[in-house]
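Residues per chain, in single letters:
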Amino acid sequence: MPLPSEFAALEPYLAWDLATEPERYARRLASTMDEMQEFYDAAFPLLEDAIAYCDKFPIDDLPEDARTLMHLMQSLVMVSFPVEVWKQPRVPDSGAAYLDVIVEPVV
């Protein structure tokens, strides 16, 4: 799980290097708000640079470091609503309801 050197600050958060939405959602539900806030605070300022870095490569031929970075940014999206809006890991007022993503983009 290497990262490009300019994103070394994200190395403590490699547990968020998760390839699928169900994995990212499960991690979000298993995380505390403090853990998500810490990851968000480290990753969000790097988002635009991370997108620019990943955009240098074809999506179907990403080097391993770019794929790891992409997965971290996908996890950032997963924690953004809990951190920015809901202040809790679960979607408010959703009870036990959930959706499973059946088809994901192939990368």
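Chemist: Would you mind going over the nonpolar core with me for this structure?
Modeler: Side chains of nonpolar character tend, in soluble globular proteins, to be buried together. Counting residues in each nonpolar core, the largest one holds 23 residues, and the members touching the most others are Leu10, Phe39, Leu69, Leu72 and Met73. Elements that contribute at least two residues to this core include exactly helix H2 (33–43), helix H3 (47–54) and helix H4 (64–86). Ignoring sequence-local partners within four residues, the contact set of Met73 consists of Leu10, Ala43, Leu47 and Ala50.

Chemist: When you look at the packing of aromatic side chains in this model, what are you seeing that I'm missing?
Modeler: Ring pairs (aromatic) are described by centroid distance and by the angle formed between their planes. Throughout the structure, instances matching the rule amount to five aromatic pairs. Members of the aromatic cluster, joined through ring pairs, are Phe7, Tyr53 and Phe57. The ring of Trp16 is capped by Arg27, whose NZ or CZ atom sits 4.9 Å from the centre of that ring.

Chemist: What is the right way to read the packing of H3 against H4 from this model?
Modeler: Working note: a packed helix pair is described by the angle between its axes plus the distance between those axes. Viewed as axis vectors pointing N to C, H3 and H4 meet at an angle of 140°, and their least axial separation amounts to 10 Å. Considered as vectors, H3 and H4 are oriented oblique to each other. Between H3 and H4 the crossing geometry is left-handed. Along the contact surface, H3 presents Leu47, Ala50, Tyr53 and Cys54, while H4 presents Asp65, Ala66, Leu69, Met70, Met73 and Leu76.

Chemist: Would you mind showing me how to read H4 here?
Modeler: An α-helix turns once every 3.6 residues. As a result, residues three or four positions apart point the same way. Its 23 residues place the ends of H4 33 Å apart at the C-alpha level, agreeing with the 33 Å of an ideal helix rising 1.5 Å per residue. By the largest-angle criterion, Val79 marks the main kink of H4, which is about 40°, and a proline, Pro82, follows within four residues. Positive backbone phi, approximately 60°, marks Lys87, located one or two places after H4.

Chemist: What exactly am I supposed to notice about the packing of helix H1 (residues 21–30) against H4 here?
Modeler: Two elements in contact, H1 and H4, have axes separated by 10 Å at closest approach and are oriented at 40°. Relative to H4, the element H1 is oriented oblique. Handedness of the H1/H4 crossing: right-handed. Residues Glu21, Arg24, Tyr25 and Arg28 of H1 form the contact with H4, whose participating residues are His71, Gln74, Ser75, Met78, Pro82 and Trp86. Here the residues of the contact of H1 with H4 are counted per class, giving four nonpolar, three polar and three charged.

About the cut-offs
Just so you know, the residues in each chain are numbered from 1, in the order the chain's sequence is written. With pLDDT at 70 or above as the cut-off, local features in this predicted model cover only qualifying residues; side-chain atom pairs require 80 or more to be listed or tallied, and sums for whole chains, interfaces and linings still use all residues. Side-chain calculation: all heavy atoms of the structure are included, whereas hydrogens and water are not. What makes a nonpolar core is a set of buried Ala, Val, Leu, Ile, Met, Phe, Trp, Tyr and Cys residues whose side-chain atoms join them at distances within 4.5 Å. Partly exposed residues are those whose accessible area sits between 20% and 50% of the maximum for their type, while under 20% is buried and over 50% is exposed, using a 1.4 Å probe and protein chains only. Secondary structure counts use DSSP, requiring at least four H or I residues in a row for a helix and at least two E residues in a row for a strand, with both numbered from the N terminus. Any two residues whose heavy atoms approach within 4.5 Å at even a single point are treated as in contact. Between the rings of Phe, Tyr and Trp (Trp by its six-membered ring), a pair exists once the centres lie within 6.5 Å; its type follows the angle of the planes, with under 30 degrees stacked, over 60 edge-to-face, and the other angles tilted. For a lysine, the NZ atom is tested; for an arginine, the CZ atom; a charge sits over a ring if that atom is within 6 Å of the ring centre and within 35 degrees of the ring normal. Angular values range over 0 to 180 degrees, each being the angle between N-to-C directions of two axes fitted as lines to C-alpha atoms, with helices fitted over their stretch in contact. For classification purposes, an angle smaller than 35 degrees is called roughly parallel, one larger than 145 roughly antiparallel, one from 65 to 115 roughly perpendicular, and anything else oblique. It is the rotation of the near helix from the far one that decides the hand of a crossing: anticlockwise by less than a right angle makes it left-handed, clockwise makes it right-handed. For a helix, the expected span equals 1.5 Å multiplied by the number of residues minus one. Fitting axes to the seven residues that end at a residue and to the seven that start at it, the angle between those axes gives the bend at that residue. Under the grouping applied here, Gly and all other residues not named as nonpolar or charged are polar, the nonpolar ones being Ala, Val, Leu, Ile, Met, Phe, Trp, Tyr, Cys and Pro and the charged ones Asp, Glu, Lys and Arg.

Bear in mind that shape data such as this cannot, by itself, settle questions of function.
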